[in-house]
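Per-entry structural report
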Amino acid sequence: MAEKKYKRRVVDQLLAERLEEVGAVLIEGPKWCGKTTTALQQARSTVMLANPEVLQQSKSMIATSASHLLNGLVPRLFDEWQTLPELWDNIRYEVDARNEEGQFILTGSAVPVESDKIVHTGTGRFAWITMRPMSLWESEESTGDVSLQALFDGDLAIKGENKHQLEDIAFMLCRGGWPSALGRSTRAALRVASDYYDAVIKTDFVRVDNTLRSQNRSRMLLRSLARLQGTQTSIGVIRQDMLSNDDNTLAENTVASYIEALRKIFIVEDMPAWSTNLRSKTVIRTSPTRYFVDPSIAVAAMGISPKDLISDLKTFGFLFEAMAIRDLRVYADALDAKVYHYRDKDELECDVVMELRNGRYALIEIKLGGQDNVNLAAQQLQQLASKIDTARVGEPAFRMVLTAVGNKAFQMQDGTLVVPIGCLKP
């Protein structure tokens, strides 16, 4: 079998930059998203702690002579570092002693179980990078004709041709952004997300904090989150959804503990609410929006296929929103930006507010497509823009409707940009 060519990731540039600025860089994210492979592109020596033999040897070494474990060509990679939490303080001390940048790379797919073994925060010595499954730009399925960076720089004269049909988007959504799924047969590619889902249920849920959890309840929780993702749903509502297949002994704090475990292994990633200065005294809802880190996890939880999505456009729509959020989060990292959602007491919503570090922002609505839906989304964006106190925060850099399909990217008469997801890049 021919070796797969490495596909460039947004994190590549971020890692290179941070290694020039601090002594150690930690790359966090879900399993199978490509952290190790990406880290190996820049590491010059490695300690693969996922290997049980290497882990056992490393435990013995760090207890007797940590310096020997840390010595090696730099950057030195410690993969799955959380299995040996004593590493943290030893690396922090070594970074201080060497007083040089770019010494260590750590990757982690879970929060350390034994966090009590970590004394120092690492502030000033470590940089943190979040890595997610691949965006369409990274998997080379977006043309990249429309650049978010160019839009923030003021170049709104967009153009781009979209090569994807609805069936293509349905497949890519169900397959997910897992690097190991690329280049496989349709059946094998779709199986990757199912295998990931099974691994989460059977092993990762327990390993995150050594707590035995019911596989049945874990499956019910993931299914409930799949049905409710993209909403500002309370723990109580999730519990009620689960109770249809459980008994009344299921407590809210149990549900909350299960969700926290998912956060610790980077399976769910809530989107915070955007709060800004408005012209009116409109009350902004501040609950976070719930999303999986990749929409394929929701697909696996619900047991649906690309054909199911085509025949149920409502479900397709909210899962496409999750796919678009994944890509926008990846692109935001490249721009040193954050993504938020907006919703107020009048039920005016905006799927994504992307805000740069300097305060500039853009308003983005996500739709499958269709001119009527696009027109309605454009009106909602204009309505929100009219509420914002632009004297304090300025006009939005742009308003965009991000779609699944459509022949091309273009600007509407009211200035709103309409961009198929297969044309977008950072």
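Refer to the preceding data block for the structure.
Let me begin by describing the structure that accompanies this report. (Residues numbered from 1 in each chain as written. Predicted model: local features only at pLDDT ≥ 70, side-chain atom pairs only at ≥ 80, totals over all residues. Heavy atoms only, no water.)

**A closer look at the layout of surface pockets**
Let me state the cut-off plainly: Put simply, the grid is 1 Å and covers the protein atoms alone, a cavity is a trapped set of points that fit a 1.4 Å probe, a pocket is an open set with protein on both sides within 12 Å along at least five of seven lines, and lining residues have an atom within 4 Å of a point. Grid points are joined across faces, edges and corners, and a volume is the space filled by probe spheres set on the points. Helix and strand assignments follow DSSP, with helices taken as H or I runs no shorter than four residues and strands as E runs no shorter than two, numbered in order from the N terminus. Gly counts as polar in this scheme, as do all residues outside two lists: the nonpolar Ala, Val, Leu, Ile, Met, Phe, Trp, Tyr, Cys and Pro, and the charged Asp, Glu, Lys and Arg.
Estimates place the volume of the largest pocket at around 660 Å³. Considering the residues around the largest pocket, the lining is formed by 25 residues, among which A332, D333, D336, A337 and K338 are closest to the centre. Elements with a contribution of two residues or more to the lining of the largest pocket: α1 (10–19), β5 (126–130), α14 (313–334), β8 (337–343) and β9 (349–356). Tallied by class, residues from the lining of the largest pocket come to twelve nonpolar, one polar and twelve charged.

**Brief notes about empty space enclosed by the protein**
Scanning the entire structure with this criterion turns up one cavity of 30 Å³ or more. Each pocket or cavity is described by its volume, and for the largest cavity that value is around 50 Å³. V10, V11, L14, T130, M131, R132, E138, V330 and D333 together form the lining of the largest cavity. Going through the elements one at a time, α1 and α14 are the ones with two or more residues in the lining of the largest cavity. Per-element tally for the lining of the largest cavity: the top contributor is α1, with three residues. Residues belonging to the lining of the largest cavity are distributed by class as follows: five nonpolar, one polar and three charged.

**Looking at the pattern of salt bridges**
Heads up, the condition is: In what follows, salt bridge is the name for a side-chain nitrogen of Lys or Arg lying within 4 Å of a carboxyl oxygen of Asp or Glu. Type-normalised accessible area, obtained with a 1.4 Å probe on protein chains alone, sets the label of each residue: buried when under 20%, exposed when over 50%, and partly exposed for intermediate values.
Inspection of every chain in the model, using the stated rule, returns 22 salt bridges. For K31, the salt bridge goes to D204, with nearest N and O atoms at 3.2 Å. Residue K31 is located in the loop between β1 (24–28) and α2 (35–40), and its partner D204 is located in helix α8 (residues 186–207); the two are separated by 173 residues in the primary sequence. Its relative accessible area of 27% is what places K31 among the partly exposed residues. Exposure remark for D204: the relative accessible area of 8% places this residue in the buried category. D96 is paired through a salt bridge with R92; the nearest N and O atoms lie 3.1 Å apart. With D96 and R92 both in helix α5 (residues 87–98) and four residues apart, this pair spans about one turn of that helix.

**Some words on the state of the cysteines**
As a reminder, the rule being used: Disulfides are defined in this document as cysteine sulfur pairs within 2.5 Å.
Under the definition given, this model contains zero disulfides. Left without a disulfide partner, C33 is nearest to the cysteine sulfur of C174, which lies 20 Å away.

**With respect to the pairing of β9**
Operational definition: Two strands form a pair only when DSSP identifies at least two bridges running between them.
Counting buried positions along β9 gives six out of eight residues, so the element sits mostly inside the fold. For β8 and β9, the ladder comprises six bridges, and the chain directions are antiparallel. Considered in β9, the bridge of V339 is made with M354. Pairing of β9 with strand β10 (residues 361–367), which is carried by four bridges, proceeds in the antiparallel orientation.

**Here we look at the sheet that holds strand β11 (residues 399–403)**
Here is the rule we go by: Contacts: residue pairs with any heavy atoms within 4.5 Å of one another. Lines fitted to C-alpha atoms define the axes here, with helix axes fitted over just the stretch in contact, and angles between the N-to-C directions of these axes take values from 0 to 180 degrees.
Spatially, the seven strands line up as an open sheet ordered β7-β12-β13-β11-β10-β9-β8, and their pairing is mixed. Edge positions in the sheet fall to β7 (160–161) and β8, since each of these pairs with one other strand and no more. The pairing of strand β12 (residues 408–411) with strand β13 (residues 417–420) spans two bridges and is antiparallel. Bridge pairing in β13 links Q411 to L417. Relative to β10, α14 is tilted by about 155°, and along the sheet it contacts β8, β9, β10 and β11.

**Brief notes about the sheet that holds β1**
What the five strands build is an open sheet, ordered β2-β3-β4-β1-β5; its pairing is parallel. The open sheet has two free edges, formed respectively by β2 (45–48) and β5, since each of these has just one partner strand. Adjacent strand axes in the sheet meet at a mean angle of 15° when their direction is disregarded. Bridge count between strand β3 (residues 76–79) and strand β4 (residues 104–108): three bridges; the pairing is parallel. In the sheet register, R76 faces β4, and the bridge partner there is F104. α1 rests against β1, β4 and β5 of the sheet, and its axis sits at about 175° to β5.

**Focus: the packing of aromatic side chains**
Applicable threshold: Only the six-membered ring of Trp is used, alongside the rings of Phe and Tyr, when aromatic pairs are assigned; centres must lie within 6.5 Å, and planes under 30 degrees apart are stacked while those over 60 apart are edge-to-face, with the rest tilted.
Within this structure, the stated rule accounts for ten aromatic pairs. When the ring of W88 is compared with that of F126, the centres are 3.8 Å apart and the planes differ by 10°; the resulting orientation is stacked. Of this pair, W88 sits in helix α5 while F126 sits in strand β5, placing them 38 residues apart in sequence. What makes W88 buried here is its relative accessible area of 4%. Chaining the aromatic ring pairs together yields one cluster made of W81, W88, F126 and W128.

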